[in-house]
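# Observations on the three-dimensional arrangement
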Amino acid sequence: MQDYEASISFLGTWGRFQMKVFFLLCVTCLPAGYNILSVIFLLASPPHQCYIPAHRNLSQDWMQASIPLQVAGQLERSSCSRYELDLVQNLSELGIRPNLGQIYNYSALGASAGVMLSSLKQEECKDGWIYSTEHYKSTVVTEFNLVCGNRWKQPLTSLIYFLGGLCGCFLSGQISDRFGRKPVLFGAIATLSIFSLALKFAQSWTVFTMLFFMVGMGQLTSYIVLFVLGSEILVGSSRVLYSSMCLPFMYVFGMMLLPATAYLVRNWKHLSLLMAMPGLASLPLWWLIPESPRWLVSKGRLQEAELLLKSAALENGVEAPPVIFLSANVQQSDSKKGETLNFLDLLKTKSIRSVTLILWFLWLSTNVTYFGLSFNMSTLYGNPFLNYFLLSAVELPAYTVSWLSACRLSRRLSFISFSLLGALALFLIQVTLHSHPALTLFLVLLGKFGVLVGTGILYMFTGELSPTVIRNTVMSSCAMLSRVGSSVSPYLLQLAVFYEFLPWMLVGSLSLVSVVLCFFLPETFREPLPDTIDQMQAIQRFRWPCAFKPPQKDDMKSAKDQTSLPEIICSTRF
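Worth saying up front: this structure is predicted, and the values here are computed from it rather than measured.

Put simply, the second largest pocket is a space of about 350 Å³. Around the second largest pocket, the lining comprises 17 residues; the ones closest to its centre are G236, S237, R239, V240 and R526. Elements that contribute at least two residues to the lining of the second largest pocket include exactly α12 (236-264) and α18 (395-408). Per-element accounting of the lining of the second largest pocket gives the leading share, 6 residues, to α12. Of the residues belonging to the lining of the second largest pocket, the class tally is 7 nonpolar, 4 polar and 6 charged.

Right, here's the structure in full:
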């Protein structure tokens, strides 16, 4: 294939056409960011206790004493049990009072006149639960009572949401490489919006879970296709700015909007309706956002690509050449015309197989670490809406640093440096966890900062390593592995049962392994994007930054004193 970027150089890198595409794609990213934290607010589990029916006519003392106290760091009422209500009702009717010393934290004065609560039998919450409305009026958990014996359904619902993203990536990558970026993008946004709207009408947990699976499918798919579409339309510095800073910024801005919305609308059904609004508002942009001309060229649809680019030239006020792409110089991608590459082609040849396997591991490990830290930080005390707003806001400086690194530093050096920073912070948490809580919080934020910068670099690195003919499939397959990581991360924290620091050690070790594997990836800094698999760079052999080079014979002959010192070549480009 002839050099695509050289062929469209007449457009420039930052004209009116590029500005329009840049802005519209960033705005279209809002629905994906707005919905990612829905798994937190829709599935929030407020404090709860067993419901005591009013018709039992218990005395005031027995109403206070009917729920057992349990010790979980501090005394609190049991969430899943109560004293046997028939027995409590009989005692209340007989005028026998409970011993309330433990409840009110005083010595049991007159204990002989009261019943010792510890001697009473307990039972499960047969009449349901009452939930705290301090932060939420209703959630999916309170609607379908996903507590106590049904508590396992809550993390399973989160898992199914992430699995929806995994399946969406698997299907959309191949569909996008075959039928185009634009149809898949707006199909994903429509799926996200329609099924978010449908959540309100779910009458059972099973129906809600099925609908939530589809929401997860649309959420991640739309972001991946947006990344690919912008990377293919924009070139040069505008592409770097878009993919490493502005697109993630708009995604994070959407994340920050949802906690604010959930604070104002504390009913899960109303929140699910509002979750559909950004996507529905984005659908009319179908008539303004173009298809990727790079993808059109890779499919041999030269006339459509030239028509699009000539229209862009008019917007930019430049003159397009009469013929932009010469048919004789444009080769079909890796095979005969009309043949479509699929997921299995990522593993066929040695070059793409090696790169793909390394990228898969990098995406898996970074997302295990990222979501593991996020779920762990969700246990912070305080207002949940403010906590998650701040957790989202902390990503903004990370993506800023990611963009600055992408402009000045090589991809491998950037990813390795910040992944090492994150790994070091995660390992140091083991030293400070109990003795210095403020320092521990700083290390957690530093670890998340390093992981986020590495993730921003990894998005760009993956897109630059992937050829146009199969780029969306590569990105989608990597996103699939990222969803495997995010699905595993909530359960990863349970490893603390075996050893307190095991989760931190595991995520830190994954970061270190990622650093080692990154050394083998070819560098893409300031290199043109490959269009075919044949144009992909080969995997690199590991070598030290400095290599010893002995003197050559020609150097020996040309030297006046016939002596040449060995040359040490130090590579500053990773």
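It is worth spelling out the confidence of the model for the protein at this point. Per-residue confidence for the protein gives a mean pLDDT of 78, with 82% of residues at or over 70. Under a pLDDT of 50 for its full length, residues 106-112 has, in the predicted model, 4 contacts with residues more than four places off or in other chains. Confidence drops under pLDDT 50 across residues 544-574; counting only partners more than four residues distant or on other chains, this segment forms 32 contacts.

Two side chains bearing opposite charge may form a pair once their charged atoms approach each other closely. Under the criterion given, the structure shown has 5 salt bridges. Residue E143 is joined to K269 by a salt bridge in which the shortest nitrogen-to-oxygen separation is 3.8 Å. Pair noted here: E143 is in helix α8 (residues 140-144) and K269 is in helix α13 (residues 268-282), with a separation of 126 residues, a long-range link. As a salt-bridge pair, E464 and R411 come within 2.9 Å of each other at their nearest N and O atoms. Here the residue E464 occupies a position in helix α20 (residues 437-465), and R411 occupies one in helix α19 (residues 411-432), the gap between them amounting to 53 residues. Of the residues examined, E464 reaches a relative accessible area of 9% and is grouped as buried. Of the residues examined, R411 reaches a relative accessible area of 2% and is grouped as buried.

A few words on the state of the cysteines. All told, the structure shown has 2 disulfides when counted by the stated rule. Bridging C50 to C125, the disulfide has an S-S length of 1.7 Å. Taking the sign of the S-S torsion, about -60° here, the bridge from C50 to C125 comes out left-handed. A residue pair is termed long-range when its members are at least 10 positions apart, and C50 in strand β1 (residues 48-50) and C125 in the loop between β7 (122-124) and β8 (129-131) qualify at 75 residues. The buried category is assigned to C125, whose relative accessible area is 9%. What pairs with C80 in a disulfide is C148, and their sulfur atoms sit 2.0 Å apart.

Cut-offs and rules
- Residues numbered from 1 in each chain as written.
- Predicted model: local features only at pLDDT ≥ 70, side-chain atom pairs only at ≥ 80, totals over all residues.
- Heavy atoms only, no water.
- 1 Å grid on protein atoms, 1.4 Å probe; cavity = no way out; pocket = protein on both sides within 12 Å on 5 of 7 lines; lining within 4 Å.
- Points joined across faces, edges and corners; volume = space filled by probe spheres on them.
- Helix = DSSP H or I, 4+ residues; strand = E, 2+ residues; numbered from the N terminus.
- Nonpolar A, V, L, I, M, F, W, Y, C, P; charged D, E, K, R; others polar.
- pLDDT = per-residue confidence, 0-100.
- Contact = heavy atoms within 4.5 Å.
- Salt bridge = Lys/Arg side-chain N within 4 Å of Asp/Glu carboxyl O.
- Buried < 20%, exposed > 50% of the residue type's maximum accessible area, 1.4 Å probe, protein only.
- Disulfide = S-S within 2.5 Å.

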